[in-house]
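Structural overview
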Amino acid sequence: MLPEARTRGYRKGRFSFNVKGGRCEGCKGAGVKTVEMQFLPDVEVVCEECDGRRFNEETLSVAFKGKSIADVLAMTVAEARDFLADHPRLRRLLDTLFDVGLGYVSIGQPATTLSGGEAQRVKIAKELGRPGTGRTLYLLDEPTTGLHHEDVRKLLESLQRFVDRGNTVVVIEHNLDVIKSADHVIDLGPEGGAGGGKVVCAGTPEEVARVPDSYTGRALRPVLDARKLAPPKVARIPEEKLKDLVVKGARLHNLKGVDARIPAGAITVVTGPSGSGKTSLAFDTIFAEGQRRYVESLSTYARRFLGRMDKPPVDSIAGLGPAIAIDQRNRSRNPRSTVSTTTEIHDYLRLVFAHAGTPRCPRCRKELVARSPSQEAGRLAKRFAGKRLLVVAPLAKVDAALLKRQGFTKLYADGAEKPLSDTEGEAWLVVDRLVVKEKVRLAEALEAAYKVGKGIAGIAEPGGEVERFTERPGCPEHGVMLPGAQLEPRMFSFNHHHGACERCHGLGVIQRVDPAKAIRHPDRTFRGGAFGHGAAAYIAMSKWYRTQVEAVAAVHGLPLDVPMGKWKPEHIAILFDGTGDRMYRIDRRLKRPGGKSYRLRTDTKWLGVSAIVEEWYRKSGGGRWTEKIGEVMRPERCPACEGGRLNPISRAVTLPGGLRIGEVEALTVTDAPSASAISRSTAAPRRSPAARRSGSGSRRRSGAASSASSTSSTSRRSGSTRATPSASSGRSGGSATSGTRCSSSSMTPTRSAPPTA
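Residues numbered from 1 in each chain as written. Predicted model: local features only at pLDDT ≥ 70, side-chain atom pairs only at ≥ 80, totals over all residues. Heavy atoms only, no water.

With that settled, the discussion passes to the overall build of the protein chain. The secondary structure content of the protein chain amounts to 28 helices and 22 strands. Each of the 757 residues in the protein chain was classed as buried or not, and the buried ones make up 40%. About 42,800 Å² of surface is accessible on the protein chain, with carbon and sulfur atoms providing 52% of the total. (Helix = DSSP H or I, 4+ residues; strand = E, 2+ residues; numbered from the N terminus. Buried < 20%, exposed > 50% of the residue type's maximum accessible area, 1.4 Å probe, protein only. Areas by Shrake-Rupley, 256 points an atom, 1.4 Å probe, with all protein chains shown as cover.)

Set out below in structure tokens:
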């Protein structure tokens, strides 16, 4: 450990880009920020905070021979051998990497960017770099996989040095260059599986080559004789032209051995009287066979979830490619389905807002900004140069004894420092007192304050107000913070808990009790059967609820003996909407079912008929009881999200033109293409100045993007037929079936399906 690092109290974890504290928090030590494009290829841009160096400035300020940890990681293996020549252990590992031909690779190069051969050699060098004892047994399983012939030669030289030191090397290998260089060969066989498991021969490569029953020997003979094998002749298959779709012997339902040819690149109409077999030919035969072939091409794991599809009764179908089916039964009863989710427009909108949107506070509309310790320390060092500052952290509850054991001594309140004492409510803990001279100490103090304050810290001049900061993007004034380090597409999905409104769970509507439906017999009194036999009738029949209503009626004058059709609106409102936090005294003598009486004395609130029945609805697990409650309810626009379906943070995100996602989805199909803000936002993600200068920002194709095809995953039995890319199961943009509403902000109230258990 360097003296400077020891003085600052740094440990070895400080110099790891995988550990919080020393790494750059802007990119989490990756050096680049990955822009996840969902169903498009991901994009990587150089981190503008650390300029790709992975560490914060405080860590980089510690130098060894004038080089920071980032400078050392940027060296190649060859350069690092010379720079670290005085460290035997490091030099031994670097020599091993150099000997296997990796002298050109930088020691900090990400493992994901290594080729297959480079990754194989790094793995081998790790094992070969261990201290040798002269009595070690090395077992290697096909170490030449992915290596070039020249790299194989370097590997053999490294293995030979271990043998020269007295070690034993056992290699499982098929590479003939390795086999012919071995001192001893053991050939197992003679066949694979049940026909193997025996030693065919053993000895030097020359001895094995002379055994006629050894497949290895046959392959070794020309190699040992230095004769080249003639390259095998490969018959080239001419490129096939586009073929017509030919169906032979279709026999499903009314089809009686039908043969049909559908020309490629043309429009074909299948017509005939009702019941003649049109759907049976097009959907149940041609499309079903295409689906069956597609499912059979998937892995065994995927087929477990899709089920087995039977082959339709047809002799053969030739020229069948990926198919998309759109039938008349493509309807949805899912209340979350919209036009935008059905057409997958919502998926692209989520992507646009995640990567081009600006997060804002739902209350003050200010941009949510993240303040990392290193970044904020640099700004504060210029602003308060030479001034005295207090670095503080908020605490929900002060445990004086615990804080004293941790080394803290003061609280900050009302512009002054105060001794530690147990207090309830938010208080500011003084983490550090300093005169701003350098950035390093201020950054370390903010880092400690973030840990204590769980992502929130503050600074104050003595006697002044506290200025808050948030480690994640947030609004310190109102305590609003993003769920993660940045915007994500799932935050704009009302089918995902990260984005859905907590009140309506992404439906945009809530189910409320309708007094007109609950009061089935307005000519009757509350106790005389005004609620009929509906779900609300239980309130009038239950002794506990009826006792509460009678206590409320005594205070507010509810006419319980008057038919409910003659009640005043304010009395109906009290009965159904409740009276808030007001408490009512209940002192009555009641009878148990067995006949014994008891005295009930308590204070309670009146929640209202609506709140009680709605709670039953939320807890109902479906079935007859849910349907019975639904008879007295009606859908209303959610008051929390105003029909926007998303939570407040997601709804507050704006595009450069100021549009929010709710406003975009409220556009009609005619107006949407003319929205300039959307078209500007579909440009490439913003890149850092360093990335623009260096031209970096490599693109790497994701598996989801490359595997998307026009094949469909359709269940004819469920009647929800549509084209589905193979990676669409990871989306959360809604059920891609038939939409029922055009936008969340202009929806018409519809009855939602009963919740399931």
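Here the focus is a nonpolar patch on the surface. There is a patch of nonpolar side chains on the surface, built from Leu-137, Leu-139 and Val-170 and spanning about 300 Å² of accessible area. If you trace the backbone, Leu-137 turns up in strand S3 (residues 137-141). (Patch = residues over 30% accessible without salt bridge, like charges linked within 9 Å, V, L, I, M, F, W, Y side chains within 5 Å. Salt bridge = Lys/Arg side-chain N within 4 Å of Asp/Glu carboxyl O.)

A separate point is empty space enclosed by the protein. All told, the structure shown has two cavities of 30 Å³ or more when counted by the stated rule. Roughly 130 Å³ of internal volume is contained in the largest cavity. Looking at the largest cavity, it is lined by 15 residues, and the ones nearest its centre are Gly-21, Glu-25, Pro-373, Glu-447 and Glu-471. At the level of secondary structure, the elements contributing two or more residues to the lining of the largest cavity comprise helix H15 (373-383) and helix H17 (439-452). Among the elements that make up the lining of the largest cavity, the one with the highest residue count is H17 (three residues). Among the residues forming the lining of the largest cavity, the class breakdown is three nonpolar, four polar and eight charged. (1 Å grid on protein atoms, 1.4 Å probe; cavity = no way out; pocket = protein on both sides within 12 Å on 5 of 7 lines; lining within 4 Å. Points joined across faces, edges and corners; volume = space filled by probe spheres on them. Nonpolar A, V, L, I, M, F, W, Y, C, P; charged D, E, K, R; others polar.)

Here we come to the nonpolar core. Counting residues in hydrophobic clusters, the biggest one holds 36 residues, and the most contacted among them are Phe-526, Phe-531, Met-564, Leu-575 and Phe-576. Elements that contribute at least two residues to this core include exactly helix H19 (537-541), helix H20 (543-556), helix H21 (569-577), strand S19 (583-591) and helix H22 (609-619). When near neighbours in sequence (up to four residues on either side) are disregarded, Met-564 contacts Ile-519, Pro-522, Arg-524, Thr-525, Phe-526, Ala-530, Phe-531, Ile-572 and Leu-575. (Core = buried A, V, L, I, M, F, W, Y, C linked by side-chain atoms within 4.5 Å. Contact = heavy atoms within 4.5 Å.)

This paragraph deals with the pairing of strand S15 (residues 467-470). Taken together, the four bridges between strand S14 (residues 456-460) and S15 define a ladder with antiparallel strand orientation. If you follow Ile-459 over to S15, its bridge partner there is Glu-467. Hairpin remark: S14 followed by S15, antiparallel, with six residues in the connecting loop; positive phi at Gly-463, about 90°. (Pairing = 2+ DSSP bridges.)

Here the focus is the pattern of salt bridges. Pairing between side chains of opposite charge can happen when the charged atoms of each approach one another. Applying the stated criterion across every chain yields a total of 38 salt bridges. The residue Arg-520 makes a salt bridge to Glu-631 at a minimum N-O spacing of 2.9 Å. You can see Arg-520 sitting in the loop between helix H18 (515-518) and H19 and its partner Glu-631 sitting in the loop between helix H23 (624-630) and strand S21 (633-637), a full 111 residues away along the chain. Given a relative accessible area of 36%, Arg-520 falls into the partly exposed group. Note that Glu-636 and Arg-634 form a salt bridge whose closest N and O atoms lie 2.6 Å from each other. For Glu-636, a relative accessible area of 23% gives the class partly exposed. What emerges from the salt-bridge pattern is a single network uniting Arg-371, Glu-376, Arg-379, Arg-383 and Glu-467.

Quantified by volume, the second largest pocket comes out at close to 1,500 Å³. Lining the second largest pocket are 41 residues, with Ile-69, Val-72, Leu-73, Leu-90 and Ile-107 positioned closest to its centre. Mapped by element, the contributors of at least two residues to the lining of the second largest pocket are helix H3 (69-73), helix H5 (88-99) and helix H6 (116-128). Top element by residues in the lining of the second largest pocket is H5. It accounts for seven residues. For the lining of the second largest pocket, the residue count by class is 26 nonpolar, nine polar and six charged.

Leaving glycine out, the prevailing phi sign among residues is negative, and the prevailing peptide bond configuration is trans. Cis peptide bonds are those with omega within 30 degrees of zero, and the linkage from Gly-189 to Pro-190 qualifies with 0°. Even without being glycine, Asp-414 reaches a positive phi, approximately 55°. We note that His-505 has phi near 60°; this positive angle belongs to a residue other than glycine. Tracing the sequence through the fold places His-505 in the loop between strand S17 (480-481) and strand S18 (509-513).

Right, let's talk about the side chain of Ser-650 for a bit. Mapped onto the fold, Ser-650 is located in helix H24 (residues 648-652). Ignoring anything within four residues of it in the chain, the contact list for Ser-650 reads Met-491, Phe-492, His-498, Gly-499 and Ile-661.

So, on to the sheet that holds strand S8 (residues 258-262). The strands making up a sheet are joined through hydrogen bonds of the backbone, oriented either antiparallel or parallel. Read across the open sheet, the three strands follow the order S8-S7-S9; overall the sheet is antiparallel. Edge positions in the open sheet fall to S8 and strand S9 (316-318), since each of these has one partner strand only. The average undirected angle you get between the axes of adjacent strands in this sheet is 5°. Pairing of strand S7 (residues 245-250) with S9, which is carried by three bridges, proceeds in the antiparallel orientation. Paired with Val-246 across the bridge in S9 is Ala-318. Relative to S7, helix H11 (residues 278-296) is tilted by about 110°, and along the sheet it contacts S7, S8 and S9. (Axes fitted to C-alpha atoms, helices over the stretch in contact; angles between N-to-C directions.)

A separate point is the packing of H21 against H22. Between two packed helices, both the angle of their axes relative to each other and the distance between the axes serve to describe the pair. Packing of H21 against H22 leaves a shortest axis separation of 4 Å and a crossing angle of 35°. Where H21 approaches H22, its residues Leu-575, Phe-576 and Asp-577 are matched on the opposing element by Val-609, Ser-610 and Ala-611. Of the residues belonging to the contact of H21 with H22, the class tally is four nonpolar, one polar and one charged.

All right, on to H15 then. Among the residues making up H15, those that are buried are Pro-373, Ser-374, Glu-376, Ala-377, Leu-380 and Ala-381. Seen from one end, H15 has its buried residues packed into an arc of 160°, which puts them on one side. Buried-residue contacts for H15 involve helix H2 (57-60), H17, S14 and S15. (Arc of directions from axis to C-beta.)

Another point: the packing of aromatic side chains. Considering all chains together, one arrives at nine aromatic pairs under this definition. The interplanar angle of 65° and the centroid separation of 6.3 Å between the aromatic rings of Tyr-545 and Trp-616 together place this pair among those described as edge-to-face. Highlighted residues: Tyr-545 in helix H20 and Trp-616 in helix H22, separated in sequence by 71 residues. Judged by relative accessible area, which is 18%, Tyr-545 ranks as buried. Connected via pairs of aromatic rings, a cluster forms that spans Phe-526, Phe-531 and Phe-576. Taking the ring centre of Tyr-10 as reference, the NZ or CZ of Arg-14 above it sits at 4.4 Å. Over the face of the ring belonging to Phe-83 we find Lys-65, whose NZ or CZ atom lies 5.4 Å from the ring centre. (Phe/Tyr/Trp six-rings, centres within 6.5 Å; stacked < 30°, edge-to-face > 60°. Lys NZ or Arg CZ within 6 Å of the ring centre and 35° of its normal.)

Everything listed here is a matter of geometry and, on its own, says nothing about what the molecule does.
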